[in-house]
Amino acid sequence: MSSSKYKRILSFLVLVLVLSLVGAPLQVGRTATEDHTGIPSTGIVCTTNASSTFTLSANSGYINMTDGNKIFAWSFAEGEDDFQFPGPVLCVNQGDTVTVVLHNHLPQDVSIVFPGQANVLANGVPAQPQFSGSELVSLTNAATANGGSITYSFIAEEPGTFLYQSGTNPGIQVQMGLFGALVVRPAMGLNYAYNRADSQFNPDAEYILMLSEIDPLLHQAIERGETFDLNNYHARYFLINGRSFPDTIAPNGASWLPTQPYGSLAHIYPQDASNPLPALSRYIGVGVENYPFHPHAFNGRVIARDGRPLEGPAGEDLSYEKFSINIGPGQTTDSLFAWEDNYGWQESTTPIPVTLPNQQNLTFGPFWGSAYLGTTEDLPTGHASFNQCGEFYHIAHNHALQQITGWGVVLIGQVTFTRIDPPLPNNCP
Ligand SMILES: [Cu+2]
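What counts as what
- Here, residues in each chain are numbered from 1, in the same order as that chain's written sequence.
- In keeping with the model being predicted, local features are shown solely for residues with a pLDDT of at least 70 and side-chain atom pairs are shown and tallied solely at 80 or more, while totals for entire chains, interfaces and linings include all residues.
- Excluding hydrogens and water, the side-chain figures rest on all heavy atoms present in the structure.
- Strands are runs of DSSP state E lasting at least two residues, helices are runs of H or I lasting at least four, and both sets are numbered from the N terminus onward.
- Burial classes: relative accessible area under 20% of the type maximum marks a residue as buried, over 50% as exposed, and values in between as partly exposed (1.4 Å probe, protein chains only).
- In the analysis that follows, any N or O atom pair within 3.5 Å is treated as a polar contact, provided that within protein one partner can donate a hydrogen and the other can accept it, and provided that, for residues neighboring in sequence, both atoms belong to side chains.
- The contact criterion used is simple: two residues touch if any of their non-hydrogen atoms lie within 4.5 Å.
- The set of buried Ala, Val, Leu, Ile, Met, Phe, Trp, Tyr and Cys residues whose side-chain atoms join them within 4.5 Å is what this entry labels a nonpolar core.
- Residues enter patches when they are more than 30% accessible in relative terms and free of salt bridges; like-charged ones are connected within 9 Å and nonpolar ones (Val, Leu, Ile, Met, Phe, Trp, Tyr) within 5 Å.
- Residue burial considers only the protein chains on display, and all accessible areas are found by Shrake-Rupley using a 1.4 Å probe.
- Here, a salt bridge means any Lys or Arg side-chain nitrogen found within 4 Å of an Asp or Glu carboxyl oxygen.
- The convention is simple: Lys and Arg are positive, Asp and Glu are negative, and His and the chain ends are not counted.
- Where a charge lies is defined by one atom per residue type, namely NZ (Lys), CZ (Arg), CG (Asp) and CD (Glu).
- Water is absent from the atoms considered, so a metal site may look incomplete; donors are defined as N, O and S atoms within 2.8 Å of the metal, or 3.2 Å for Na, K and Ca.
- A four-donor site is classed as tetrahedral when every donor-metal-donor angle falls between 85 and 135 degrees; four donors are called square planar, and six octahedral, when trans pairs exceed 155 degrees and all remaining angles lie between 65 and 115, with any other arrangement labelled irregular.
- Pairing of aromatic rings covers Phe, Tyr and Trp, the last counted by its six-membered ring, and requires centre-to-centre distances within 6.5 Å; plane angles under 30 degrees mean stacked, over 60 mean edge-to-face, and any other angle means tilted.
- The definition used for a disulfide is geometric: two cysteine sulfur atoms within 2.5 Å.
- Pairing between strands is defined by DSSP: at least two bridges between them are needed.

## What to know about the side chain of N398
(1) Moving on: Structurally, N398 can be placed in strand β23 (residues 392-398).
(2) Moving on: Assessed through its relative accessible area of 0%, N398 is described here as buried.
(3) Moving on: Among the polar contacts listed, one links the side chain of N398 to the backbone nitrogen of A400, at a separation of 2.7 Å.
(4) Moving on: Setting aside residues no more than four positions away along its own chain, N398 makes contact with Y291, P292, F293, Q403, I404 and Q414.

This is how it looks when you write it as structure tokens:
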């Protein structure tokens with residue numbers, strides 16, 4: 001962002017944060033409980049099991065936007081669990097035979113396509129596009145409306161980040177929320193993104209960012225049983241993992257977001273000898289436009305797209321650093337990132353030799369600690385802080401700035417944060 005835009009947007013951000021936090025205290029770093037007992041407060045939440053057999057039910061429910069709006073949506077839930085948005089993150093191992101049993105409770109036929117997976121079977125025979133006469137009605141075999149079931153299976157031959165989504169009336173159904181992520185772990189090991197030594201990452205710092213959008217009038221029409229003319233499509237909300245900012249930085253399983261279990265706050269440590277491995281971000285574009293995502297602090301290193309590592313015919317590393325990582329519709333992109341304390345500024349040894357500018361311009365809303373990692377300072381009079389232990393926060397956001405809005409409200413769209421804690425041992429909770 002340019003600094004003038006920053007100033008304008010930051011003043012909104014402070015307001016948005018303060019307003020939203022008054023009613024719902026943020027509990028960054030809290031271990032989430034709810035019905036997701038045991039899940040980490042940040043990072044990827046894998047749904048996994050030994051047989052890689054998953055039951056997904058397609059049903060309807062409501063999700064909350066941070067402007068107070070409640071949106072009717074469709075989504076996949078695990079088994080007959082309560083509605084959740086988006087669908088569960090299915091994690092499997094390369095070579096697994098993956099089985100997905102779909103139960104459809106929605107009033108339209110629903111199917112699932114698995115882009116990037118070959119030889120998908122539907123009820124044991126090759127999955128096929130479905131026609132009514134000469135008209136294509138579904139990209140694959142579907143579970144019939146109001147109670148139908150179908151079983152898909154395939155061998156997860158390639159490791160990587162993939163999407164699964166409805167293949168039936170996808171212009172409506174994917175928009176309504178029928179999508180989720182599929183992560184295939186490589187044979188090389190759980191802490192590699194691909195079968196490449198240079199794709200190793202810190203398994204405690206693995207993140208998924210499903211970028212999607214919502215046209216509330218489309219959702220309202222479907223809720224009322226009306227048709228919706230996609231020529232009138234106009235997205236108003238832009239979400240990360242089904243949430244809008246600042247809920248994006250709330251913990252996984254936050255109690256006030258019962259149908260939106262996945263946060264996207266990255267929580268990392270400086271990269272140094274004690275923490276040599278980078279974090280991994282798995283981006284997935286589920287909207288209809290490009291989302292140029294900017295991780296801030298440092299460039300991301302793009303290592304894969306659409307579940308394929310960026311490498312030449314002889315395995316040459318073709319990864320590249322990117323300031324703003326463009327995530328296209330239906331695309332997945334894997335990016336390694338790290339935060340290095342390059343200057344090691346400390347108050348005692350390397351004081352910043354200038355008068356600090358307006359302190360509120362140095363940080364984001366109430367996440368103010370000090371100019372030095374690991375140090376907290378007295379706050380300007382009248383200011384409160386959510387900073388806990390001298391950690392730093394960097395914004396990470398979609399650089400198409402109209403997509404960091406929510407129905408006109410600035411900074412409730414595709415915005416999240418990276419939290420950098422001081423190196424261990426530290427006093428952080
Ligand atoms: Cu930016």
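## Quick notes on the nonpolar core
(1) Moving on: Counting 33 residues, the largest nonpolar core has F76, L102 and I112 as its most contacted members.
(2) Moving on: In terms of nonpolar packing, the next biggest core, distinct from the first, is built from 24 residues, I71, L163, I214 and Y262 among them.

## Regarding the side chain of T47
(1) Moving on: Inspection of the secondary structure assignment puts T47 in strand β1 (residues 46-47).
(2) Moving on: Aside from chain neighbours lying at most four places away, what touches T47 is F54, E78, P88, V89, L90 and C91.

## Observations regarding a negative patch on the surface
(1) Moving on: Together, E78, E80, D81 and D82 make up a negatively charged patch on the protein surface.
(2) Moving on: Here D81 is to be found in the loop between β3 (70-78) and β4 (89-93).

## Some points on the coordination of the copper ion
(1) Moving on: Listed as protein donors to the copper ion are H294 (ND1), H296 (NE2), H397 (NE2) and H399 (NE2); their distances from the metal cover 2.1 to 2.5 Å.
(2) Moving on: Geometry at the copper ion is irregular, judged from its 4 donor atoms and the angles of 82 to 164 degrees they form at the metal.
(3) Moving on: Read in sequence order, the donor residues coordinating the copper ion give the pattern H-x1-H-x100-H-x1-H.
(4) Moving on: Accessibility expressed as a relative area gives 4% for H294, which makes it buried.
(5) Moving on: Residue H296 is classed as buried on the basis of its relative accessible area of 12%.

## Considerations on the environment of L230
(1) Moving on: By secondary structure assignment, the location of L230 is in the loop between α3 (216-223) and β14 (237-240).
(2) Moving on: Residue L230 is classed as partly exposed on the basis of its relative accessible area of 40%.
(3) Moving on: Expressed as a C-alpha distance, the spacing of L230 and L218, which sit 12 residues apart in the sequence, is 8.3 Å.
(4) Moving on: Once residues lying within four places of it in the same chain are set aside, the contact partners of L230 are G171, I172 and L218.

## A few points about the packing of aromatic side chains
(1) Moving on: Counted by the stated rule, this structure contains 15 aromatic pairs.
(2) Moving on: Pairing Y62 with F72 gives two aromatic rings, centres 5.6 Å apart and planes at 65 degrees, and the pair type is edge-to-face. Separated by 10 residues along the polypeptide, Y62 in strand β2 (residues 53-64) and F72 in strand β3 bring together distant segments of the chain.
(3) Moving on: For Y62, a relative accessible area of 37% puts it in the partly exposed group.
(4) Moving on: Their ring planes at 45 degrees and their centres at 5.9 Å tell us that F76 and Y164 sit as a pair that is tilted. One end of the pair, F76, is in strand β3; the other, Y164, is in strand β11 (residues 160-165), with 88 residues separating them in the sequence.
(5) Moving on: The buried category is assigned to F76, whose relative accessible area is 0%.
(6) Moving on: Aromatic rings pair up to connect F76, F114, Y152, F154 and Y164 into one cluster.

## A short note on the state of the cysteines
(1) Moving on: Counted according to the given criterion, the structure contains 2 disulfides.
(2) Moving on: Here C46 is linked by a disulfide to C91, with a sulfur-sulfur distance of 1.9 Å. Negative torsions about the S-S bond denote left-handed disulfides, and the value of about -70 degrees found for C46 with C91 makes this one left-handed. Placement of the pair is C46 in strand β1 and C91 in strand β4, with a sequence separation of 45 residues.
(3) Moving on: Under the relative-accessibility criterion, C91 is labelled buried at 4%.
(4) Moving on: Across a sulfur-sulfur distance of 1.9 Å, C389 and C428 are joined as a disulfide pair. Between C389 and C428 the disulfide shows an S-S torsion of about 85 degrees. By sign, it is right-handed. Highlighted residues: C389 in the loop between β22 (332-337) and β23 and C428 in the segment after β26 (415-420), separated in sequence by 39 residues.

## A closer look at the pairing of strand β12 (residues 179-185)
(1) Moving on: Counting buried residues in β12 gives 7 out of 7 residues, a clear majority hidden from the surface.
(2) Moving on: Alternating residues of β12 divide into F179, A181, V183 and R185 and G180, L182 and V184, and every residue in both groups is buried.
(3) Moving on: Sheet analysis places β11 next to β12, joined by 6 bridges and oriented antiparallel. Each residue of the ladder has a partner; that of Y164, found in β12, is G180.

## Describing unusual backbone geometry
(1) Moving on: Geometrically, the link from F85 to P86 is a cis peptide bond, its omega value of -5 degrees lying close to zero.
(2) Moving on: Residue placement: P86 occurs in the loop between β3 and β4.
(3) Moving on: For N119, which is not glycine, the phi dihedral falls at a positive 55 degrees.
(4) Moving on: Among the structural elements, N119 can be located in the loop between β5 (97-104) and β6 (121-122).
(5) Moving on: The class of N119 is exposed, set by a relative accessible area of 64%.
(6) Moving on: For N169, which is not a glycine, the phi torsion comes out positive at approximately 45 degrees.
(7) Moving on: Looking at the element boundaries, N169 is found in the loop between β11 and α2 (170-176).

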